[in-house]
Amino acid sequence: MIKRVLAVMSARNLEFLRDRSTLGWNIFLPVLLVLGLGFIFSGDGRPMYKVAVLQDAAEISIEAHPFLTTRYVQFFSVNDPEDAVRKIGRHKIDMLIQFQPSARYWVNPDSPKGYILERLLLQADPDIERAEVSGEAVRYVDWLLPGILGMNMMFSCLFGVGYVVVRYRKNGFLKRLNATPLRPIEFIVAQVLSRLILIMAVTMFVYAGTQYFIGFRMQGSLLTLFLVALTGSVSLISLGLLVAARVSSEELAGGILNMLTWPMMLVSGVWFSLEGTHPVIQQLAKIFPLTLILESARAVMLDGATLAQVMPQLGTLLAMSGIFLLIGATAFSWQND
Amino acid sequence: MKLAITRNRVPPSTGSARAINQNSQSSPVSGRAEKVLEVRDLVKRYPDVTAVNGVSFSVRRGSCFGLLGPNGAGKTTTVEIMEGIVKPSGGEILYEGRPVDRSFRDEVGIQFQSTALQDHLSVFETLRMFRNLYEHGAELDEVIRMCSLEKILKQDNRKLSGGQRQRLLLGLALVNDPRVLFLDEPTTGLDPQARRNFWKLVEQIRRQNKTVILTTHYMEEAYRLCDEIAIMDHGKIIAQGSPKTLLKEHFEDVVLEFPREDISSGLEGFPFPVLERGDCIEIFTPDVNQAVAQLVQRNISLNRMQVRPRNLEDLFLELTGKELRT
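The rules behind the values
- Residues numbered from 1 in each chain as written.
- Chains lettered and ligands numbered in written order.
- Predicted model: local features only at pLDDT ≥ 70, side-chain atom pairs only at ≥ 80, totals over all residues.
- Helix = DSSP H or I, 4+ residues; strand = E, 2+ residues; numbered from the N terminus.
- Buried ≥ 20, exposed ≤ 12 C-beta atoms within 10 Å, placed from the backbone.
- Contact = placed C-beta atoms within 7 Å.
- Expected span 1.5 Å × (residues − 1).
- Pairing = 2+ DSSP bridges.
- Right-handed = clockwise from strand over helix to strand, strands pointing away.
- Axes fitted to C-alpha atoms, helices over the stretch in contact; angles between N-to-C directions.
- Parallel < 35°, antiparallel > 145°, perpendicular 65-115°, else oblique.
- Left-handed = near helix turned anticlockwise from the far one by under 90°.
- Nonpolar A, V, L, I, M, F, W, Y, C, P; charged D, E, K, R; others polar.

Caption draft 1: Here's a closer look at the overall build of chain A. Looking only at helices and strands, chain A has 12 helices and five strands in total. Expressed as lengths along the three principal axes of its C-alpha atoms, the size of chain A is roughly 80 × 40 × 35 Å. Buried residues in chain A amount to 44% of all 337 residues. Sequence-distant contacts in chain A: of pairs separated by 6 or more residues, those separated by 24 or more amount to 78%.

Now the structure itself:
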């Protein structure tokens, strides 16, 4: 079995590496995106002030406090004060405020936005209790890099595996493999391993390149980040194989893959934080592997999270991978139906 | 192609279907009649067509068995069921007396009618990949030599000519040193030179006592390579036996061929069947002297007349009333 898996995997690796245009696209697109977007959004591109209110969303009323009537400020509810305080430290939100049991606010004295918001708040309520949160600001490029790497992994895994398998099926190559002792699970494992090796190599190359040229924040362990990328890639490759399990039309496969990638790209937090978005969107985003990958990668890179702290996300990703692979292997078809 | 048959049709001879091993004339193992593969009452139904409709035959070890028929006759479906690629709607396939299972794939080599290969891989890399899919098999050097692939080993799969590609596909079918080799329309699309070269390869393989199952719509190919043939049409076998025996059984005449422009008129009431076939006029006669005398009497030039024996193309036309390649 191992011999057959290695044979198919090696052949696929050679095919990928010799396809210069695809290889170049996989490496240079994320680099260009990081450089370009890092430049465009350098400083801080977010136009809105974000204030978290420690209260249930249903209970927030603009009559509760005059500060809540301030224009150009986005108020949103949070229930986890520790998480909100941590985000103030990272400048991801600009202020946390609570009204019950006593009026109190948290602000980062190093945050320019926090300073302006504090001035506005004190005009409305001079007696409110103050708490300071310290922490270095996270540049947009620091926050963006995991998103770009994750997005590149997503496209490479879904399209790179899904499209290739569908093309193999459509042109009859899978049918030829079916005439050999190769089993579906062996073929699938070979595809997973092949893409995993390639995407991990490309991701590490891009990571090292961007670190060298523009530098970014890395608070946690590289090994933990590697495990996050590895687990995330497996889940995305498995999803690509699930899509490609039976489909024999590249157009249909493209449609399904687009239907999966676009929502992930929009709501998984590739470009902007989901803080303050509608709770339904936040809940919806949790079903996407990319959301879990980005959450855990940012936790490691920006907040120095340990393996144990990101284990819930990794566990979910592994469970997703198992389900995708099981269904994909069961439904797998060597040739057009 | 316009056909104008002016002779009496010999009805299809259902009596010609018989056990394949009764009529072998050139099998390298003619002393034994051991069945290696047996097909019993094979049926394959699709929603709108029955592609294979009750096909039965057996294949002797070491023989070359040919399935002939026009496009859509059901021959590819039949062999793909035999190969285990397509599931039958009914019937069974026995290999060495036992129903085929997945282990059968270790024993057989398959060359499909059309197979795409991985881009960016060389001929050698492709051979090596397929060789590694089998636990046991042939030495790659031997496969390369047999299929004359030495000069194209480093060539990208995408840059192979039609003949080179077919030789590579044959090599892939041989990497596991199979006992049974399935060749599905292996020379379709090849030029005559490449086709003849391919035939030589198949003849070499046959000398290794491998059983070959060949589908083709080239009658010359079947005549040259096959010990036994089954002619299929509309999913059924309509004749079965060795090529020479089938021809002998159905025909006692020869064919006089003329360019069409040599005979514009004058064959009305001719005593032997006359057929317009492409650019030729064909006269079928068991008595050449009498036919020639009649032609001379009607002032028809014999300068470009050719006499040939009946062939499998004629047999197919005889059995089905249509040209094989239509």
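Back to the write-up after that little detour.
Caption draft 2: Structural context of helix 7 (residues 184-213) of chain A. For helix 7 of chain A, spanning 30 residues, the distance from its first C-alpha to its last is 43 Å, which sits close to the expected 44 Å at 1.5 Å a residue. Once helix 7 of chain A finishes, Gly215 of chain A follows within two positions and takes phi at roughly 70°, a positive value.

Caption draft 3: Region of the structure containing the pairing of strand 8 (residues 180-184) of chain B. All names here are of chain B. Burial analysis of strand 8 places five of its five residues in the buried class, the great majority of the element. Burial along strand 8 is two-sided: Val180, Phe182 and Asp184 facing one way and Leu181 and Leu183 facing the other are all buried. Sheet analysis places strand 7 (residues 108-111) next to strand 8, joined by four bridges and oriented parallel. Directly across from Ile110, in strand 8, lies its bridge partner Phe182. By the bridge criterion, five bridges tie strand 8 to strand 9 (residues 211-216) in an arrangement that is parallel. The partner of Val180 across the bridge, within strand 9, is Thr211. One crossover worth recording links strand 8 to the parallel strand 9 by way of helix 6 (residues 192-206), and it is right-handed.

Caption draft 4: Expanded view of the packing of helix 11 (residues 289-303) of chain A against helix 12 (residues 307-331) of chain A. Residue and element names in this part refer to chain A. Relative to each other, helix 11 and helix 12 sit at 155°, their axes nearing to 9 Å. By the angle class used here, helix 11 and helix 12 are roughly antiparallel. Taken as a pair, helix 11 and helix 12 cross one another with a handedness that is left-handed. Only Gln309, Val310, Gln313, Leu314, Thr316, Leu317 and Met320 of helix 12 make contact with helix 11, whose side of the interface consists of Pro289, Leu292, Glu295, Ser296, Ala299 and Val300.

Caption draft 5: Layout of the sheet that holds strand 5 (residues 129-132) of chain A. All names here are of chain A. Read from one edge of the open sheet, five strands run 2-1-3-4-5, paired in mixed fashion. Every other strand in the sheet has two partners, leaving strand 2 (73-78) and strand 5 as the edge strands with one partner each. Averaged over neighbouring strand pairs, the angle between their axes works out to 25° when direction is ignored. Pairing geometry for strand 3 (residues 95-98) and strand 4 (residues 104-107), over four bridges, is antiparallel. Counted as the bridge partner of Ile97 is Tyr105 from strand 4. Of the strands in this sheet, strand 1 (49-54), strand 2, strand 3 and strand 4 are in contact with helix 3 (residues 81-89), which crosses strand 3 at around 150°.

Caption draft 6: A look at the sheet that holds strand 3 (residues 49-60) of chain B. Residue and element names in this part refer to chain B. As summarised here, the arrangement of the four strands in space is 3-2-5-6, forming an open sheet in which the pairing is antiparallel. In the strand order of this sheet, the two ends are held by strand 3 and strand 6 (98-99), each with one partner. Here helix 1 (residues 75-83) sits on the sheet and contacts strand 2 (35-46), strand 3 and strand 5 (90-95); the angle it forms with strand 2, its principal contact strand, is near 120°.

Caption draft 7: Quick look at the environment of Glu257 of chain B. Residues and elements named next belong to chain B. By the secondary structure assignment, Glu257 is in strand 12 (residues 254-259). Sequence spacing of Glu257 and Glu150 is 107 residues, and the spatial spacing of their C-alpha atoms is 43 Å. In this view, Glu257 contacts Cys280, Glu282, Met305, Gln306 and Arg308; residues no more than four positions away in its chain are not counted.

Caption draft 8: Broad picture of the packing of helix 8 (residues 222-243) of chain A against helix 11 of chain A. Residue and element names in this part refer to chain A. It is the contact of helix 8 with helix 11, at a shortest axis distance of 10 Å, that shows an interaxial angle of 175°. Viewed along their axes, helix 8 and helix 11 adopt a mutual orientation that is roughly antiparallel. Contacts between helix 8 and helix 11 pair Thr224, Leu225, Val228, Gly232, Ser235, Leu236 and Leu239 from the former with Pro289, Ile293, Ser296, Ala297, Val300 and Met301 from the latter. By residue class, the composition of the contact of helix 8 with helix 11 is nine nonpolar, four polar and no charged.

Caption draft 9: Fine view of unusual backbone geometry. All names here are of chain B. Even without a glycine there, the phi angle at Asp41 is positive, about 45°. Along the chain, Asp41 turns up in strand 2. Classification of Asp41 as partly exposed rests on a count of 13 C-beta atoms within 10 Å. Its identity as a non-glycine residue notwithstanding, His234 has a phi of 50°, on the positive side. Relative to the elements of secondary structure, His234 occurs in the loop between strand 10 (228-233) and strand 11 (236-241).

Caption draft 10: Representation of the environment of Phe67 of chain A within the structure. All names here are of chain A. For Phe67, the location among the structural elements is in the loop between strand 1 and strand 2. Judged by the 24 C-beta atoms lying within 10 Å of it, Phe67 is buried. Spatially, the C-alpha atoms of Phe67 and Leu198 are 52 Å apart, while their sequence positions differ by 131 residues. Excluding residues within four positions of it along the chain, Phe67 makes contact with Leu120, Leu121, Ala124 and Asp125.

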